[in-house]
Amino acid sequence: MKDSTFITLLKKDLKIFFKNKFFTFITILGLVAYVLLYFIMPKSVDDKISLVIFVNTTFDKAFASLEGEEVKLIKARSVTELKELVIDKKVLAGYEVNIDPRKNSVDIKIYTISSIEPEMKEALVYIAKEMIYTELGYGLNITSKNEILGEDLAGKQIPPSKRIVPVFAFLIILMETLGIANLIADEIERKTIYALLVTKATIRDILIAKGITGLITTLIPSILFIIITIGFSHFIPVFVLLLFGSIFAISIGFLAGSLGRDIMSVLAWGALILIIFLLPAFNIMAPGSLTSWVKIVPTYYFVMPLHRIINFGESILNLIPHILILLLSSIISFLAAWFLLRRRTYES
Amino acid sequence: MEKAIVGENLTFKYGNITAVDHINIEAEKGEIVGFLGPNGAGKTTTFKILIGLLKPLEGNAYILGMDIRKETKKIQSRIGVSFEYTNLYEELTAEENLKIFAELFGISDFDPKALLKKVGLEGKEKNIVGTFSKGMKQRVMIARALVNNPEVLFLDEPTSGLDPVSANEIREIIKEEKRKGVTIFLTTHDMYEADKLSDRVAFINQGKIVAFDTPMNLKQKFGKRKVKVELMKDSKIEEVEVELDKSQAPDKIYEIFKSEKIVTIHSEEATLEDIFIKLTGRGLG
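Basis of the calculations
Residues numbered from 1 in each chain as written. Chains lettered and ligands numbered in written order. Predicted model: local features only at pLDDT ≥ 70, side-chain atom pairs only at ≥ 80, totals over all residues. Heavy atoms only, no water. Core = buried A, V, L, I, M, F, W, Y, C linked by side-chain atoms within 4.5 Å. Buried < 20%, exposed > 50% of the residue type's maximum accessible area, 1.4 Å probe, protein only. Contact = heavy atoms within 4.5 Å. Pairing = 2+ DSSP bridges. Helix = DSSP H or I, 4+ residues; strand = E, 2+ residues; numbered from the N terminus. Buried area = accessible area lost by both parts, 1.4 Å probe. Salt bridge = Lys/Arg side-chain N within 4 Å of Asp/Glu carboxyl O. Nonpolar A, V, L, I, M, F, W, Y, C, P; charged D, E, K, R; others polar. Axes fitted to C-alpha atoms, helices over the stretch in contact; angles between N-to-C directions. Parallel < 35°, antiparallel > 145°, perpendicular 65-115°, else oblique. Left-handed = near helix turned anticlockwise from the far one by under 90°. Patch = residues over 30% accessible without salt bridge, like charges linked within 9 Å, V, L, I, M, F, W, Y side chains within 5 Å. Areas by Shrake-Rupley, 256 points an atom, 1.4 Å probe, with all protein chains shown as cover. Expected span 1.5 Å × (residues − 1). Phe/Tyr/Trp six-rings, centres within 6.5 Å; stacked < 30°, edge-to-face > 60°. Lys NZ or Arg CZ within 6 Å of the ring centre and 35° of its normal.

**Q** I'd love a proper account of the nonpolar core, names of residues and values included.
**A** Grouped together as the largest cluster of nonpolar side chains are 91 residues, with contacts concentrated most on I5, I51, I63, F83, F154 and F185 of chain B. Discounting residues that sit within four places of it in the chain, F185 of chain B has contacts with I5, I25, V33, F35, F47, L50, L153, F154 and L155 of chain B. If you look at the next biggest cluster of nonpolar residues, it comprises 50 residues, including L219, I223, V238 and Y300 of chain A.

**Q** Which residues make up the pairing of strand β4 (residues 58–63) of chain B, and what values go with them?
**A** All names here are of chain B. Bridging between strand β1 (residues 3–14) and β4 involves 5 bridges; their strand directions are antiparallel. Paired with T11 across the bridge in β4 is E58. Relative to strand β5 (residues 66–67), β4 runs antiparallel, the two sharing 2 bridges. Bridged to I63 within β5 is M66. Connecting β4 to the antiparallel partner β5 that follows it, the hairpin turn spans 2 residues, and L64 within it adopts a positive phi of roughly 50°.

**Q** Run through the interface of chain A and chain B, naming residues and quoting values.
**A** If you look at the interface, chain A gives 26 residues, while chain B gives 27 residues. Between chain A and chain B lies a buried interface of about 2,400 Å² when both sides are counted; carbon and sulfur atoms form 63% of it. In this assembly, chain A and chain B are joined by 3 salt bridges. Between E96 of chain B and K15 of chain A there is a salt bridge, and its shortest N-O distance comes to 3.4 Å. Contributions of two or more residues to the side of chain A that touches chain B are made by α1 (3–19), α6 (160–189), α7 (192–197) and α12 (320–346) of chain A. Ranked by the residues each element gives to the side of chain A that touches chain B, the list is headed by α1 of chain A, at 8 residues. Here the residues of the side of chain A that touches chain B are counted per class, giving 9 nonpolar, 7 polar and 10 charged.

**Q** Go over the pattern of salt bridges with me, naming the residues and quoting the values.
**A** Side chains that differ in charge, positive against negative, can pair when their charged atoms come close. Residue and element names in this part refer to chain B. For the coordinates displayed, the defined rule picks out 34 salt bridges over all chains. The partner of E26 in a salt bridge is K3, and the shortest N-O contact between them spans 3.9 Å. Separated by 23 residues along the polypeptide, E26 in strand β2 (residues 17–28) and K3 in strand β1 bring together distant segments of the chain. Residues joined in a network through salt bridges with shared partners are K3, E26, E28, E31 and R200.

**Q** Give a detailed account of the sheet that holds strand β12 (residues 236–243) of chain B, specifying residues and quantitative values.
**A** Residues and elements named next belong to chain B. Across the sheet, 3 strands lie side by side as β12-β11-β13; this open sheet has antiparallel pairing. Each edge of the open sheet is held by one strand with a lone partner, namely β12 and β13 (262–268). When the angles between neighbouring strand axes are averaged without regard to direction, this sheet yields 15°. Relative to the sheet, helix α9 (residues 249–258) contacts β11 (226–233), β12 and β13, its axis offset from that of β12 by approximately 160°.

**Q** I'd love a proper account of the environment of Q206 of chain B, names of residues and values included.
**A** Residues and elements named next belong to chain B. By secondary structure assignment, the location of Q206 is in the loop between β9 (200–205) and β10 (208–213). You can call Q206 exposed: its relative accessible area is 58%. Along the primary structure Q206 and I128 are separated by 78 residues, whereas in three dimensions their C-alpha atoms are 40 Å apart. For Q206, the residues in contact, after removing those within four places along its chain, are A41 and R282.

**Q** Break down unusual backbone geometry for me, citing the residues and quoting the values.
**A** Residue and element names in this part refer to chain B. Residues other than glycine seldom take positive phi values, yet L64 does so here, at roughly 50°. Relative to the assigned elements, L64 resides in the loop between β4 and β5. Residue class for L64 comes out buried when judged on its relative accessible area of 9%. Even without being glycine, E157 reaches a positive phi, approximately 45°. Relative to the assigned elements, E157 resides in the loop between β7 (152–156) and α6 (164–179).

**Q** Help me get a handle on helix α3 (residues 94–104) of chain B, residues and values and all.
**A** All names here are of chain B. The buried fraction of α3 is high, at 8 of 11 residues. Residues A94, E95, N97, L98, I100, F101, A102 and L104 constitute the buried set of α3. Phi turns positive, to about 75°, at G106, one or two residues after α3.

**Q** Could you give an account of the packing of α6 of chain A against helix α10 (residues 263–285) of chain A, naming the residues involved and the relevant values?
**A** Residue and element names in this part refer to chain A. At a minimum axis separation of 10 Å, α6 and α10 run at an interaxial angle of 165°. The orientation of α6 relative to α10 falls into the category roughly antiparallel. The interaxial crossing formed by α6 with α10 has right-handed handedness. For the contact of α6 with α10, a count of residues per class yields 19 nonpolar, 3 polar and 3 charged.

**Q** Provide a residue-level description of a nonpolar patch on the surface, including the pertinent values.
**A** Residue and element names in this part refer to chain A. A cluster of nonpolar residues, F39, I216, I220, L224 and I228, forms a patch on the protein surface that exposes about 430 Å² of accessible area. The greatest single-element share of the nonpolar patch, amounting to 4 residues, is contributed by helix α8 (residues 203–230). The residue L224 is located in helix α8 in this model. A relative accessible area of 40% places L224 in the partly exposed class.

**Q** An account of the side chain of H322 of chain A is needed here, citing residue identities and associated values.
**A** Residue and element names in this part refer to chain A. Mapping H322 onto the fold places it in helix α12. Judged by relative accessible area, which is 15%, H322 ranks as buried. Beyond its immediate stretch of four places on either side in the chain, H322 contacts Y300, Y301 and P305.

**Q** So what about α8 of chain A? Which residues, and what values?
**A** Taking 1.5 Å of rise per residue, 28 residues should cover 40 Å, and α8 of chain A covers 39 Å from first to last C-alpha, within 8% of that figure. Just downstream of α8 of chain A, G231 of chain A is the residue with a positive phi angle, here 75°.

**Q** Could you give an account of the packing of aromatic side chains, with specific residues and numbers?
**A** Tallied over the entire structure, the rule returns 15 aromatic pairs over all chains. On the numbers, 6.0 Å between centres and 90° between planes, the contact of F47 of chain B with F154 of chain B is edge-to-face. Of the two residues, F47 of chain B is situated in helix α1 (residues 43–50) and F154 of chain B in strand β7; the sequence distance between them amounts to 107 residues. Both residues of the pair, F47 of chain B and F154 of chain B, belong to the buried class. Each member of the aromatic cluster is reached from another via a ring pair, and the members are F35, F47, F154 and F185 of chain B. Over the ring of Y194 of chain A we find K48 of chain B, and its NZ or CZ is 4.7 Å from the ring centre.

Structure representation (structure tokens):
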């Protein structure tokens, strides 16, 4: 591809993208809305700890002693109910307590939705010991173990505003998919693609120019959002992920644009794809809400690494397999779009 | 004379349907070739093959002596194409539309104003194309096809759906390009337009070329020359036709004139549409 061809196509695409007031408006509105939501959301977590307990004896004294304290204890009728409360995030942790006075022992199983830090585990064991001492009036030999329900994340509590950052960055990128799809579909529907193809431009040139347009419209707002909300912490790995995420979104935009017969069908395809691709984001807001099947959705390999980097400071090196899966999905999607576009332009 | 367009044995199928069936077509340099046929006859498919948008299943095409399969982009930089449908960037101005294509052709000293003036759109350079009438959009399409000073111009139904004034103006632009020595491949189902503009016309029907010659030769070969006379007979007008190519024509005409009852008399020649119907059994509409 000659530079002049590419620059001309790029200038044209950017001009046409920003002439479309709707997509320009949505892009800016999205950025403003996500930034506003970030600042509106709580910056701290509730200090009162809610716990649930299932115990094989009465536990009234312990309950009475906790009144007015910073620990709220709920009594479960069964282990199943206890687990449900933990999975639904209605409590921080659940205790399954088995007191055996004859053996002078207590077994405690602590249920959490993600692995917890040693300090927190110690604190939970300490709370349990205190409750048992209060209830029985004497100490027993206590053994405890931790069981994780749902997906195992690092387990530290993250303020909702920080938890939402990767989700919103992901949404900013994903929403641009429709804009990119529209650029392609518009070129096909208006048949301007044929006029371009009888110049020096090829389908590859057209796709690359649109890809760069897409990269500008996805990457810049998402980077701006990240800088406004969390500053420059973990900037390079976040940037790398946003770049790969944008490439993926562009490839999906290309695919939706190449599949649709007109703008409306592109929107229909786009909406369908977006709904599926949004699912992994729910897992961040509500860990454990989706089972492992969500891993078949390619965006999982974008939004989860982003979450881990932003909220847990995980090294990008640990996330290379995720990025490779994302890249592979992008390549497959690009090839499918290129194939479809060639078929639609040269064979129809 | 050197040939600007040569299509040899061109064949194309959409699935099982043969759209273009082993056709041969050519145009000398500076010639206008009209490509006539009803909708679905294979005109646009042939057009797309010749401009390099479709690869023929069989046969080959040569434009300006170059193989369309091998030197597609080289050929496309020396031809101009105006499509049947309006495919402009409607949110951009007329000038912006032309500049994009001038840049794509690598033309650095492009003057959009001069080109728009040539097609009768002087003063409309900064207007958004979406606000233009169909005739004005068609002129922008023609202007776009002329951006790279093409040696061969491919025009697919350039006057389709236009009012007579706009259609005539487009025809004048086509004639001017011919005067400059540009070869023009004109796809149309308007037999009047083909007759007026073309040096030679090719009739295509069901993917096959059924005739390819000058309009005059086609009329002589397949048409009937006749005289239509209205006679007053018993206070009523009666119509009589005399076929001029028949041996008894002079005697019959003599008798008619002798009767002194002629009301009107007209000579008639066959139209291209008559010939097309004769050759294919169907009309062009």
